[in-house]
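Letter by letter, the chains look like this.
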Amino acid sequence: MRASFYPKTRSTPPVKGALPVLLPYRSPQATQLSLHEKLFNGWTVLALMLGFAWIMVQQVWAQSGAAQQASVPDILLKWTPVLLKGFGFNVLISILSMAIGTVLGVGLGILQVSPVTATRRTAWLITQFFRNSPWLVLLFYCILLIPFEISVFGLDIPFPGWVKAVIGLSLPVMAYMSEYMRGAILSIPSGQWESADSLGFTRGQTMREVILPQTVKRLAPSWMNLYAVLTMATPLVSIVGVSDVMTLTRSALAAESRVDLLIPMYLYILSWFFIYCYPISRLTVRLERKFAVKL
Amino acid sequence: MKILAQLTFGAAALVLSAGIASADKLEDITAAGKIVVGVKQDYRPWGYLDSDGNIVGLEIDLAKDVADKLGVAVELVPVVSSNRMEFLQQGRIDLIIATMGDNEKRRKVVGMIEPNYYAGGANVIAPKGSGLTAWADLDGKDVCAIQGAYYNKQVARDYSANIVAFAGVPEATAALANGSCVGFVYDNTWIESQLASDAQWAEYEMPFVTEQLQPWAIAVPLDELDMAYGDKMRDIVTDWHKSGFLIERNAANGIADNPFLQEQQDRLK
């Protein structure tokens, strides 16, 4: 009987309790586009591709008189397998540096909030040192100071240039990660510590079982951002003699010895980095929005 | 964590590893079954990449011949001017065949093998009709160059040219084509082979007399120079000149005739 009082249109919600009034408040600021979101969107990709296409077309026109030369797209296509291998190497270096840097950085970040003053100060000093040193300088030190082969108890451990490059790049990653970690731990409300304390958790237990799991989602966006930055920094290793995509591009340019190839070739490589990093940047934005903490 | 451990060891072993030197390099190479040669991969046609990713060129032919004569396999390591001598000192490579000029300063660092296997000097590639006829015409003009080339300093000092140095040949030639500089000062051997073989340089010329001729040498570690390894390399280079192998390979790689090679062959015969 009572059900007939309600109009038919107001059907019961599909999920129990999912009333509009119970939905979380979304601040208008959270829906506003951030700067990098404004800069890196589908239009940027389009503009980049158009620019690339324009240069291609221009080359073809410029060469209509000298038809005996191979066209620029043909040359790019010819070198693509070699350059892709080099690019794969860049990706590998970035993943390894990120993995090492993250593990070390998380540890260092936890030490930065240690109750022991000496530990805290030391961790702070290491973090600040590596965070404020130019990446290229750190790379140079790693390449020049670590020998190419180390003999430990008669066992020769080879240290090729790329391993040194991985170590060199993981140092700044470690420092940034350490700072992110410190920030994430401090952003957990102190009530959490107090509650855990009152439940008889030790400091270590509180850290492992209460605090650290909560930092993961706070860290995720900055961590991915850092990865994108790191990936774009990997061409630095070409300066220290590692055969990455930049070195190979240079060699390809030297082998072709074509004056008109320089700009299209570098733009081609740029577009690879863009295509690799752009989805990461998009995903970061989505995560940031999802985990946005309203204070 | 393994890498962290290695890093720790790395610092500790820095001092240790310096002291560990092999007794006889030649024996080590034979035992290892391979010789590691540092070559250029950005200096066509002496050493460059083909589109399959292999390094090829005149100096690679030489490296392969060295390996054949030692009866071992060859491993090529791409080097650049700024790291080739460090690689040799560290033991990362056994031999340098990388367009390296032979001079007193470098002789203190690495073991230069005599006789020299090649020679090159400095010249300028400039657009035809640029009005450049002698080195002195460069006075006060912008001249493209490659960072670290030994002749840059002298060109700047003796002819008051304004050197605009680039990291690589592609960048420098692009700047030349854009008109950012009146000419590009570089190895005469490279300029000659480019002018002879490539249609894009049809409107360019090499207007000066080649200067600052410098012999090129292959190099072994300094303490191996007077050992069996150094002797073996001297024999090999001498044989290259005597047998005409260098002249033949030079032509096969499409490089213009080099008078130095003929001179050496006549001298050593």
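What you see as residue numbers is a count from 1 along each chain, following the sequence as written. Both sets of labels track the order of writing: A upward for chains, 1 upward for ligands. The predicted origin of the model limits local features to residues at a pLDDT of at least 70 and limits the giving and counting of side-chain atom pairs to 80 or more, whereas totals for whole chains, interfaces and linings rest on all residues. As a rule here, side-chain values come from all non-hydrogen atoms in the structure, and water together with hydrogens is ignored.

Caption draft 1: Quick peek at the overall build of chain B. The helix and strand tally for chain B stands at 11 helices and 14 strands. Our radius of gyration looks at C-alpha atoms and nothing else; its globule reference is 2.2 Å times the residue count to the power 0.38. Here chain B has a C-alpha radius of gyration of 20 Å; the compact-globule value for 269 residues is 18 Å, and the two agree. If you line up chain B on its principal axes, its C-alpha atoms span 60 × 50 × 40 Å. Here's how the labels work: a residue is buried when its accessible area is under 20% of the maximum for its type, exposed when over 50%, partly exposed in between, all with a 1.4 Å probe on protein chains only. Classification of the 269 residues of chain B by burial places 51% in the buried group. Across chain B, contacts joining residues at least 24 apart in sequence account for 67% of those joining residues at least 6 apart. Approximately 11,800 Å² of chain B is accessible, and the part contributed by carbon and sulfur atoms is 51%. Charge counting follows a simple rule: Lys and Arg are positive, Asp and Glu are negative, and His as well as the terminal groups are ignored. Throughout, a charge is located at the NZ atom of Lys, the CZ atom of Arg, the CG atom of Asp or the CD atom of Glu. Side-chain charges in chain B split into 23 positive and 37 negative, and the spacing between the mean points of these groups amounts to 3 Å. Only runs of H or I of at least four residues qualify as helices and only runs of E of at least two qualify as strands under DSSP, and these elements are numbered from the N terminus. The contact definition used throughout considers only heavy atoms, calling two residues in contact when any of these lie within 4.5 Å. For every accessible area listed, the method is Shrake-Rupley and the probe measures 1.4 Å; residues are considered covered only by the protein chains on display.

Caption draft 2: Main features of empty space enclosed by the protein. A cavity here means a set of points on a 1 Å grid, drawn over the protein atoms and nothing else, where a 1.4 Å probe fits but cannot get out; a pocket is an open set with protein on both sides within 12 Å along at least five of seven lines, and a residue lines either one if it has an atom within 4 Å of a point. Grid points are joined across faces, edges and corners, and a volume is the space filled by probe spheres set on the points. All chains considered together, the criterion is met by two cavities of 30 Å³ or more. Here the largest cavity is characterised by a volume of approximately 110 Å³. Along the wall of the largest cavity there are 15 residues; nearest its centre are Ala254(A), Ser257(A), Val169(B), Pro170(B) and Trp190(B). Sorting the residues of the lining of the largest cavity by element identifies α10 (245-256) of chain A together with β2 (42-43) and α7 (169-178) of chain B as the ones contributing at least two each. No other element matches the three residues that α7(B) contributes to the lining of the largest cavity. Each residue receives one of three labels: charged for Asp, Glu, Lys and Arg, nonpolar for Ala, Val, Leu, Ile, Met, Phe, Trp, Tyr, Cys and Pro, and polar for the others, Gly being one of them. Broken down by class, the residue content of the lining of the largest cavity amounts to nine nonpolar, three polar and three charged.

Caption draft 3: Focus on the sheet that holds strand β4 (residues 55-56) of chain B. All names here are of chain B. Two strands pair under a simple rule: DSSP has to find at least two bridges between them. Taken in spatial order, the three strands line up as β2-β3-β4 in an open sheet, and their pairing is antiparallel. The sheet is open, and its two borders are formed by β2 and β4, each paired with just one other strand. Note that β2 and strand β3 (residues 47-49) share two bridges and pair antiparallel. Along β3, the bridge assignment pairs Tyr43 with Gly47.

No statement about biological role is implied by the geometric values presented.
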